Amino acid sequence: MDSGTVTLRPFRVSDVDDFILWAGDDQVTRNIRWKTITSKEEALTFIKEVCIPHPWRRSICIDDRSIGFVSVYRWSGNEICKADIAYGIAAKYWGQGITTKAVKMAVLEVFKDFPDLVRLQAFAAVENKASQRVLEKAGFTKEGLLRKYTFLKGQLKDLVIYSFLSTDITVAVDDKLL
Ligand SMILES: CC(C)(COP(=O)(O)OP(=O)(O)OC[C@H]1O[C@@H](n2cnc3c(N)ncnc32)[C@H](O)[C@@H]1OP(=O)(O)O)[C@@H](O)C(=O)NCCC(=O)NCCS
């Protein structure tokens, strides 16, 4: 299904009521490092102190209303050529191609915003097939399985690692993927 009106923009304090609908849902936060938001106050603090100052975090919006996020964390020092991407959206929008669209938009924006970025990488829990599919559809390359790689919500997880290189953009655009 084509979702049509997906946009990315910085978070705003006025997103709080929409934000809590998805950031307060365990189904959404289960596979990411965010703690599930449990009150409006907590949501406001998180938007003000974490989302807005974040170097590259966008609200995934439909008709300008926040339904999720996509974030890019740049590494530093000698590893500045590398960044990690993460995302999530409200469960009621799953399976409509929205995150794939948002990730494709983010890839184009991020390589424009950081011209010296060489590698954008993503990690998905081995059981998170939807996330892996998003990355495949957005033109990322699966590189392998990282066994017992990280603790996530108290569990040691196997992760699948994917990457998208700056040089992959031309191919993705030619293939009409981006
Ligand atoms: C992962 C997540 C972002 C996917 O978002 P989405 O908007 O539903 O993604 P899309 O609709 O663009 O694509 C999902 C794809 O996964 C597929 N999929 C979903 N569940 C699946 C499963 N259990 N097994 C195999 N494929 C699955 C869908 O069929 C679709 O592929 P298709 O277009 O080829 O049919 C969403 O489920 C989410 O927010 N989850 C919680 C947060 C999270 O896990 N973030 C990623 C952390 S690595």
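Let us look at the structure shown here. (Residues numbered from 1 in each chain as written. Predicted model: local features only at pLDDT ≥ 70, side-chain atom pairs only at ≥ 80, totals over all residues.)

1. Description of the sheet that holds strand E2 (residues 57–62)
- Taken together, the seven strands give an open sheet; going across it, the order is E1-E2-E3-E4-E5-E7-E6, and neighbouring strands pair in mixed fashion. Lying at the two open borders of the sheet, with one neighbouring strand each, are strand E1 (6–9) and strand E6 (141–152). Neighbour to neighbour, the strand axes of the sheet diverge by 30° on average, direction disregarded.
- In this structure, strand E3 (residues 65–74) lies alongside strand E4 (residues 82–89), joined through seven bridges in antiparallel fashion. (Pairing = 2+ DSSP bridges. Helix = DSSP H or I, 4+ residues; strand = E, 2+ residues; numbered from the N terminus. Axes fitted to C-alpha atoms, helices over the stretch in contact; angles between N-to-C directions.)

2. Some points on the site of the ligand
- Around the ligand, the structure places 21 residues, and the nearest of them are Gly88, Thr99, Thr100, Lys129 and Arg133.
- Looking at the shell around the ligand, the elements with two or more residues in it are E4, helix H4 (98–113) and helix H5 (129–137).
- Per-element accounting of the shell around the ligand gives the leading share, five residues, to H5.
- Looking at the shell around the ligand residue by residue, the classes come out as ten nonpolar, nine polar and two charged. (Near = placed C-beta within 6 Å. Nonpolar A, V, L, I, M, F, W, Y, C, P; charged D, E, K, R; others polar.)

3. Concerning the pairing of strand E7 (residues 155–165)
- Here strand E5 (residues 119–125) runs beside E7; their pairing, made up of seven bridges, is antiparallel. Paired with phenylalanine 123 across the bridge in E7 is isoleucine 161.
- In the sheet, E6 pairs with E7 via eight bridges, with the strands oriented antiparallel. Within E7, the position partnered with threonine 150 by the bridge is lysine 157.
- Here E6 folds back onto E7, and the loop between the two strands holds two residues, one of which, lysine 153, carries a positive phi near 50°.

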